[in-house]
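As a plain string of letters, each chain reads:
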Amino acid sequence: MSERAVKRAFKFRFHPTPEQADLMNRTFGCVRKVYNLALEARTTAWYQRQERVNYNATSAMLTAWKKTGELAFLNEVSSVPLQQALRHLQSAYTAFWEKRARYPRFKSKHKSRASAEFTPSAFRWNNGELTLAKTATPLDIVWFRPLPEGQSPSTVTVSRDAAGRWFVSLLCQDTIAALPAVETAVGIDAGLEHLITLSTGEKVANPRHERADRERLARAQRELARKDKGSRNRDKARLNVARIHARIGDRRRDHLHKLTTRLVRENQTLVIEDLTVRNMVKNHTLARAISDAAWTTFRELLTYKADWYGRNLVVIDRWYPSSKVCSACGRLTEKMPLNVRSWTCPCGAAHDRDVNAARNILAAGQAVSAYGAGVRPQRKPPSGAAG
């Protein structure tokens, strides 16, 4: 059984002291300020002078900013997270130039993730205790699993979510053993009524985590709307809403982790469709249900787990008419409204719409694996068409 070395993040909750919380909150603010200043400088340089500003130039700017009276507070926190913020901005620009992402956007105090990244020069790791720069005591981390034996973190990321929970993510070198090879392959059709349908005929129910807490969430949001802006009661109400959202997100991630792990363990080859969720959520009728299904997260988890454990993940063309093709004879039905959940092909084969789609997805994925070619539709579908 082969093994491979990977960089793996281990995320834990921790409970900061008041002094640690105050320092981290100030660090988050400084990180956000430096990122926004550097983004503004780079944007202005390009649009006014057609000049590209790189990481080295923004690092020199940071040194100058610290010497000004207006930004002298940047000296009160560790310089490492500030430098890391500039590196992250450089990575964002690189992704933009390579057309992998949109133009970098400014960080918001209320909407952006509050986080700071530390490299080994800004933290001390000693016998399982983590002490950050400018703090006197180690973090009170809730350890629920051990780190890889003999490994110390290469980077540490501290974050605080909207619900007020504190997390520390430790990036370590880990060894992953590939799973034993199996003969099985499965096609996976994502849906809303059922979260996924497999080519084996199995249908995995959609837990609809957001719907389960919708009444509780709506009540909390009404309470928030009644509070005066800037009041302490409004802060408490906002925190209550955030905690409900956090509960929904935690349950959703837990379910998807268990589901993707099972699929990867049981199958050597997994075939999915290349769904463009960003475009699909523009349909306001289905946007809430699509977001609750979390198809993007499902694919992300399936992708890295297949890579870790030596499985094959095949992604077929998003326009392949998987629901409209008979998996028995290959006949294409021109029209297949979404309300048609079962149908019979002229060849006599009776189909469940989702199971038939999953079987076609599997067959298409096996064709891609065998011939190395993409799967193309037999005709270009109209805008907004779905399989």
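Residues numbered from 1 in each chain as written. Predicted model: local features only at pLDDT ≥ 70, side-chain atom pairs only at ≥ 80, totals over all residues. Heavy atoms only, no water.

Peer 1: Explanation requested: the sheet that holds strand β8 (residues 194-198) in the structure shown.
Peer 2: Hydrogen bonds between backbone groups are what pair the strands of a sheet, and the pairing can be parallel or antiparallel. Spatial ordering of the open sheet is given by β9-β8-β7-β10-β11, a layout of 5 strands whose pairing is mixed. In this open sheet, the two strands that pair with only one neighbour each are β9 (203-205) and β11 (312-316). Pairs of neighbouring strands in the sheet enclose a mean axial angle of 25°, with direction left out of account. Relative to the sheet, helix α6 (residues 232-266) contacts β7 (185-190), β8, β9 and β10 (269-273), its axis offset from that of β8 by approximately 0°. (Pairing = 2+ DSSP bridges. Helix = DSSP H or I, 4+ residues; strand = E, 2+ residues; numbered from the N terminus. Axes fitted to C-alpha atoms, helices over the stretch in contact; angles between N-to-C directions. Contact = heavy atoms within 4.5 Å.)

Peer 1: Before we go on, may I ask you to explain the domain arrangement of the protein chain in this structure?
Peer 2: The extent of an interface is frequently quoted as the accessible surface area lost upon association of the parts. Along its sequence, the protein chain is organised into domain 1 (3-177) and domain 2 (185-207 + 251-371). When each unit is reduced to the centre of its C-alpha atoms, the spacing between domain 1 and domain 2 is 37 Å. On the domain 2 side, the residues contacting the 6 residues of domain 1 number 4 residues. The contact between domain 1 and domain 2 buries some 490 Å² in all, and 53% of this surface belongs to carbon and sulfur atoms. (Domains from an automatic or database assignment. Buried area = accessible area lost by both parts, 1.4 Å probe.)

Peer 1: Can you walk me through the sheet that holds strand β1 (residues 3-13) in this structure?
Peer 2: Here 4 strands make up an open sheet; going across it, the order is β1-β6-β5-β2 and the pairing antiparallel. A single partner strand is all that each edge strand has here, and the edge strands are β1 and β2 (114-118). Going from strand to strand, the sheet's axes swing by 25° on average, the running direction of each strand aside. Here β1 runs beside strand β6 (residues 166-177); their pairing, made up of 11 bridges, is antiparallel. Looking across to β6, one finds that Ala5 is bridged to Thr175. Contacts from helix α1 (residues 18-49) reach β2, β5 (155-160) and β6, with the element oriented near 95° to β2.

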